[in-house]
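# Structural features, examined
Listed below, chain by chain, are the residues.
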Amino acid sequence: MLTRTLSTWFAAWMALLTVAFYLWPGQHMLWWGAIGLSSTIGVVVGVAVHRPRRRWPWYLLAAALFTFGSGDFVYNLLTDVFGMTNPFPSVNDVLYLAMYPLVAGGLLGFIRSRTGRNDRDSLLDAATLTIGIALLAWIFLIDPYVRSTELTLVQKLVSIAYPLGDVLTLAVFARLITGGGRRSPSIVILGTGTAGLLVADVVYGLIQLNGDWHVGGPTDLGWVLCYSAWAAAALHPSMVELTEPARSRPGEVGVRRIALLGAASLIAPGVLLVEASLGTVRDAAVIAVMSGLMFVLVLTRLAGVMGNHRQSMARERELREATTTLVSAADTAETLAAVRHTVDRLLPEGVVHTVALVRAERVDEPGLVRVSGLDPDVRELLRGYSSALRHPMGIEGMLYVGAPTEALQSLQTVFEVLASQAAMALERMTLTAEVNRRSSEAYFRTLIHNTSDVILIVDEHDLIQYCSPSAGTVFGDERLAGYELWEFVAADERARLAELLAQVRGGVHAHNQMDLRAERVDGAGLMVEVDCRDLRDDQTVGGLVLTVRDVTERRQLEEQLIRQAFHDSLTGLANRVLFQDRVEQSVARSKRDESLVGVLFIDLDDFKIVNDTLGHAVGDALLIAVGERITGALRDTDTVARLGGDEFAALIETDSMSDLELAAERIVLALAEPFEIAGQDVNGISSVGLSTTVDASSAEELMRQADLALYVAKGAGKGQWRRYQSDLHTAVLERLELRAALDQAVKEQQFVLQYQPIVDLETGSPLGFEALVRWNHPTRGMIAPGHFIEVAEESGLIVPMGRMVLQQALNTVGRWQRSSAPGALRYISVNVSVRQFRTPGFVEEVRQLLRASGVEPGTLLLEITESLLLRNDEQVKADFDALRAMGVRLAIDDFGTGYSSLSYLQHMPIDVLKIDKSFIDDMLESKQQRAVVTAIVTLAQTLDLAVVAEGVEESAQALALRDMGCPYGQGYLFAKPLSERDAFAMIPKAAPFAAMA
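Residues numbered from 1 in each chain as written. Predicted model: local features only at pLDDT ≥ 70, side-chain atom pairs only at ≥ 80, totals over all residues. Heavy atoms only, no water.

## Side note on the overall build of the chain
So the rule is basically this: Helix and strand definitions follow DSSP, with helices as H or I runs of at least four residues and strands as E runs of at least two, each counted in order from the N terminus. Under the scheme applied here, a residue whose accessible area is under 20% of the maximum for its type counts as buried, over 50% as exposed, and between as partly exposed, the area being computed with a 1.4 Å probe on protein chains only. For this analysis, residues touch if any pair of their heavy atoms sits within 4.5 Å. Note that accessible areas follow from Shrake-Rupley with a 1.4 Å probe, and for residues the cover is restricted to the protein chains shown.
If you tally the helices and strands in the chain, you get 34 helices and 25 strands. Considering the chain as a whole, with its 997 residues, one finds that 49% of them fall into the buried category. Expressed as a percentage of contacts within the chain between residues at least 6 apart in sequence, the contacts between residues at least 24 apart total 67%. Within the structure as shown, the chain displays about 47,900 Å² of accessible surface, and the carbon and sulfur contribution to it stands at 57%.

Take a look at the structure:
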């Protein structure tokens, strides 16, 4: 009654202060100070009234509220009394920021009290959620402060500290609510206040970035909600539960948590997609780091799920063994010894604990309890422990286990099952004793009427002589006496049960236990656990006693967990773990009987395009359909798996190599047919790699070779399959070695430049130079670009390599210009790859390199390929315009070999066309080639573009080009690529030569 009155008066008081704050804004300093002080007092009063087990977390929360309110008071004092305008940073910022560690400390106190330190799953879930929110905080709050040019360094640090504090608060609160245990009203109220704080802070940060902040707006309601809710949480009676140990439930993941974690995991790709759609990915590094962290968290979470599953299986085995021991226990001492032995096995090694069975006059609720609240004699037995698990044991009393609280939290669920089994064992002992003492079948039936297990007595002819009333619940009818036992056992299980009965009757085992499938009277199936005892010599029984327990739900849960661990959740196919296990078994089998085993790796060729253009829902539907079509193309005995993403695999055991090749061909043809998904045709063309045990001696080698074959198949084009061959292996390894060596070469800057002159065909004078990269390999010497450029493009190393070439070329030109006559060197040409050009910040990079080298922008000519202009990309056009505005000129390299189009020549700011060498080679012999060159030269003249003919090696070619009107040429006729010194020697030292028109 007192707490309800306090909560009501507090709510009314805070509402009154809030209304006054908005009605009389001129006195907001008074009202706001009263709101902050009232919330602090509310928390302290709540602690004093309810007396939680641990008070310091609540006091930290009260200190946080007081610090927060003090910051508001100082801010109002500076603005209203001293007349400052938005003082930032100031003393009030120190108080505001001090609130966050106090709040985090208080919430961590709740976490430590409830779940201890061992709830790794909840920590991972909270970390995943926090990283997702942290990314949004970076994009919308932190990054704008970092990029701001109007703030000082101290102002930036203070501004960034606020969203970091919010992220810290969110992380700790997420850890609190994901840590298991009952969601008490206090947690809900506390969460409401935390949400109000975070929302208000975010809105405040956005207003500060984009507008003008003023006191008295709707944003203040978020802070009012924080003040009120935190104090209300302390005033609510359920606040004591926040410092009480809660049951640990490892591995439990509800639908809402999965949805929340899924949404958090999609934040990073969502942000990346949004930025990509806007044309500029500004936060790629942050997004990559956050995505990597989430990937690591997901893998760690999956490992935890597998570990929990293994631990559950181990505990299940321990419980089975305990059940066997408890069934054979003859008295209470043996039962208690079995419980102690099982608890010792279930707890981590080295954990000190005590197991005690105490006589009790009353039956208390089972669960995790504080030792200080127990009876004196129990406290004496459990001295040294703060918490204990208890469970009623019927007339025998209460069973207690004392141990460290964290160990008890993880043991609680298993302990309840163990204690229930022990209680049932004691109940059976009591029942047996009463049966022996009374020798009365009627009294025996009365005693066992309340047990959930079915007790059957079977004679020598396997006829049921007696069944307990619980048979009605399990089998659908309690009138089983007189029927044969086999009528209630599945047909394919009868042989196993007959063997069990024979062993018990033969004296092999005094009793035995097994699981089997049974049938209800209505024909429905169920799983039962059967324990059999031989009591034929007992005059009151005179037969075999079968104790039957319905374990259908338990076994279904186990099967579901196993399926989740070994099957893909989207397609229902085997996952990588199960597939690898089956491959290992098949390879081992093939070694024994010399059979043939094949592994096929299948990869969709354009799946990323489907996801990017049609969405992930269509992509998921396509993956399901692909899995079904692959399965349909193979035999029922073959194993089909989804390894992850758009990667599938198949395991085939056969006697013929042709069967494996036909299977690969069938899959390629089956997936070549379009899929109809969501009313539209979707392409599922795939590449397939095949490996067999002919070339592999282990499962790991077999799968690696299939991956290599798939790599070769994808390189050969779409919709093809390839079988692994040793020479392919060698070629792939060489390519991988080249890629690794190229990566090292980029790091060690093993590249040098050579320079080939471009001359005026009329005078033969050098017009400029094209910078050509060469790899100065430490052992193989100088390597031409044709041997490594493709690998550099494929691996992305072309970007740092291109940056190095551009920097080195500009530095060289800078030295030449300083060492020659003014204006003597007018032109240096540098090739730029498509990937390098599309790298964010490329234009600014060119600007910085020009500035650092001292080279005039007009001296630089960037050569690009036609593939960069295939799409009407506004960003490319904008970058071209920016380079031209800077003074840099642009050339189309290898013109005529790509998808040439007049449109980009008209709309793109191009200066130079370079005719590819392939046209020049046959120009003298082929009229068609000559006509093509003439057309290109004429086109360039029409569009006022300069033309350079590449690969000029004969004087006749130069003469013909000059007659056509081509002004410039480049090739071995004039000079091969030269070193820096030799190229410098060709530069005119007196009068400058003309610049390219």
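## A short note on the side chain of glutamate 529
Of note, glutamate 529 is situated in strand 8 (residues 525–535). A relative accessible area of 8% places glutamate 529 in the buried class.

## What to know about the sheet that holds strand 10 (residues 596–604)
Rules: By this definition, two strands are paired if DSSP reports at least two bridges between them. Between N-to-C directions, angles span 0 to 180 degrees; the directions come from axes that are lines fitted to C-alpha atoms, helices contributing only their stretch in contact.
The strand order across the open sheet built from five strands is 11-12-10-15-16, with neighbouring strands paired in mixed fashion. Strand pairing shows two members of the sheet lacking a second neighbour, strand 11 (639–644) and strand 16 (721–723), which therefore form its edges. Going across the sheet, the axis of each strand differs from the next one's by a mean of 20°, ignoring polarity. Across eight bridges, the pairing between strand 10 and strand 12 (residues 647–654) is antiparallel.

## A word on the sheet that holds strand 2 (residues 367–370)
Overall, antiparallel pairing links the four strands, which are arranged 1-4-3-2 in an open sheet. Two strands close off the open sheet at either side, each with one partner strand: strand 1 (354–358) and strand 2. On average, each strand axis in the sheet is tilted by 30° relative to the strand beside it, whichever way the strands run. Both strand 2 and strand 3 (residues 387–392) contribute to a ladder of four bridges, which runs antiparallel. If you follow arginine 370 over to strand 3, its bridge partner there is serine 387. Lying over the sheet, helix 12 (residues 332–346) contacts strand 1 and strand 4 (398–403), oriented at roughly 150° with respect to strand 1.

## Focus: the packing of helix 26 (residues 798–819) against helix 28 (residues 842–853)
For clarity, the threshold we go by: When describing relative orientation, an angle under 35 degrees is termed roughly parallel and one over 145 degrees roughly antiparallel, while 65 to 115 degrees is termed roughly perpendicular and anything else oblique. For a crossing to be left-handed, the near helix must be turned anticlockwise from the far one by less than a right angle; the clockwise case is right-handed. Note that Gly is not counted as nonpolar here; it falls among the polar residues with everything else outside the nonpolar set of Ala, Val, Leu, Ile, Met, Phe, Trp, Tyr, Cys and Pro and the charged set of Asp, Glu, Lys and Arg.
Close contact between helix 26 and helix 28 brings their axes to 9 Å; oriented N to C, the two are set at 30°. Taken together, helix 26 and helix 28 sit at an angle that is classed as roughly parallel. Crossing angle aside, the handedness with which helix 26 passes helix 28 is right-handed. Residues Arg803, Leu806, Gln807, Leu810, Asn811, Gly814 and Arg818 of helix 26 touch helix 28, and the partners they reach there are Glu845, Val846, Leu849, Leu850 and Ser853. Its residues assigned to classes, the contact of helix 26 with helix 28 shows five nonpolar, four polar and three charged.

## Some points on the nonpolar core
Applicable threshold: Side-chain atoms within 4.5 Å are what join buried Ala, Val, Leu, Ile, Met, Phe, Trp, Tyr and Cys residues into a set we call a nonpolar core.
Among the nonpolar cores identified, the biggest contains 75 residues, and Phe751, Leu860, Leu862 and Leu961 are the most heavily contacted of them. Not counting chain neighbours up to four residues away, the residues in contact with leucine 860 comprise Leu806, Leu810, Ile828, Val830, Val846, Leu850, Val888 and Arg889. By size, the runner-up hydrophobic cluster in this structure holds 46 residues, among which are Met14, Val172, Leu235 and Met239.

## Focus on the packing of helix 2 (residues 28–50) against helix 3 (residues 56–81)
Axis separation between helix 2 and helix 3 bottoms out at 9 Å; the angle between their running directions is 170°. One finds that helix 2 runs roughly antiparallel with respect to helix 3. Together, His28, Met29, Trp32, Ser39, Thr40, Val43, Val44 and Val47 of helix 2 and Trp58, Tyr59, Ala62, Leu65, Phe66, Asp72, Phe73, Asn76, Leu77, Asp80 and Val81 of helix 3 make up the contact between the two elements.

## Brief notes about the pairing of strand 6 (residues 464–467)
With three bridges joining them, strand 5 (residues 454–458) and strand 6 adopt antiparallel strand pairing. In the strand pairing of strand 6, valine 458 is matched with isoleucine 464.

## A closer look at a nonpolar patch on the surface
Condition: Think of a patch as exposed residues, more than 30% relative accessible area, with no salt bridge, where like charges cluster within 9 Å and nonpolar side chains (Val, Leu, Ile, Met, Phe, Trp, Tyr) cluster within 5 Å. Criterion for a salt bridge: a side-chain nitrogen of Lys or Arg within 4 Å of a carboxyl oxygen of Asp or Glu.
On the surface, Val19, Leu23 and Trp24 cluster together to form a nonpolar patch covering roughly 330 Å² of accessible area. Positionally, tryptophan 24 belongs in the loop between helix 1 (2–23) and helix 2.

## A few points about the pairing of strand 3
Most of strand 3 is tucked away: five of the six residues are buried. Pairing of strand 3 with strand 4, which is carried by six bridges, proceeds in the antiparallel orientation. Pairing of proline 392 across the sheet is with methionine 398, part of strand 4. Hairpin connection between strand 3 and strand 4: a loop of five residues separates the two successive antiparallel strands, and glycine 394 in this loop has a positive phi of roughly 70°.

## Some remarks on helix 22 (residues 657–672)
Threshold: To estimate the expected span of a helix, subtract one from its residue number and multiply by 1.5 Å. Directions from the helix axis toward the C-beta atoms define the arc.
The first and last C-alpha atoms of helix 22 sit 23 Å apart over 16 residues, in line with the 22 Å expected at 1.5 Å per residue. Turning to helix 22, its buried residues number three or more, namely Met657, Leu660, Ala663, Ala664, Ile667, Val668 and Leu671. Relative to the axis of helix 22, the buried residues are bounded by an arc of 130° and lie together on one face.

## Describing the pattern of salt bridges
In this structure the tally under the stated criterion is 27 salt bridges. Here arginine 723 makes a salt bridge to glutamate 661, at a shortest N to O gap of 3.8 Å. Here arginine 723 is found in strand 16, whereas its partner glutamate 661 is found in helix 22, with 62 residues between them in sequence. The partly exposed category is assigned to arginine 723, whose relative accessible area is 24%. Between aspartate 881 and lysine 877 there is a salt bridge; the shortest N-O distance is 3.0 Å. With aspartate 881 and lysine 877 both in helix 29 (residues 874–886), this residue pair falls four residues apart, about one helical turn. Assessed through its relative accessible area of 35%, aspartate 881 is described here as partly exposed.

## Quick word on unusual backbone geometry
Residue aspartate 462 is not a glycine yet carries a positive backbone phi of 65°. Secondary-structure assignment places aspartate 462 in the loop between strand 5 and strand 6. Backbone geometry places glutamine 749, a non-glycine residue, at a positive phi of 55°. Within the secondary structure, glutamine 749 sits in the loop between helix 24 (726–748) and strand 17 (751–760).

## Section: the confidence of the model for the chain
Our working rule: As a per-residue measure, pLDDT reflects the predictor's confidence and takes values from 0 up to 100.
Per-chain confidence: the chain averages 80 in pLDDT, with 85% of residues scoring 70 or above. Scored below 50 in pLDDT, residues 991–997 makes 24 contacts in the model with residues more than four places away or belonging to other chains.

## A look at the packing of aromatic side chains
We apply this condition: Aromatic contacts are taken between Phe, Tyr and Trp rings whose centres are within 6.5 Å, Trp giving its six-membered ring; a plane angle under 30 degrees counts as stacked, one over 60 as edge-to-face, and the others as tilted. Note on geometry: a ring has a charge over it if NZ (lysine) or CZ (arginine) is within 6 Å of the ring centre and within 35 degrees of the ring normal.
As enumerated under the stated definition, the model contains nine aromatic pairs in all. Here the aromatic rings of phenylalanine 68 and tyrosine 227 are separated by 5.3 Å at their centres, their planes lie at 25°, and the arrangement is stacked. Placement of the pair is phenylalanine 68 in helix 3 and tyrosine 227 in helix 8 (residues 220–235), with a sequence separation of 159 residues. Plain terms: the ring middles of phenylalanine 837 and phenylalanine 842 are 5.2 Å apart, the flat faces sit at 45° to each other, and that makes the pair tilted. In this structure phenylalanine 837 comes out as buried when scored by relative accessible area, which is 1%. An aromatic cluster is defined as three or more aromatic residues linked by ring pairs; in this entry it consists of Tyr755, Phe769, Trp816 and Phe984. Directly above the aromatic system of phenylalanine 675 lies the positively charged group of arginine 629, at a separation of 3.6 Å from the ring centroid.

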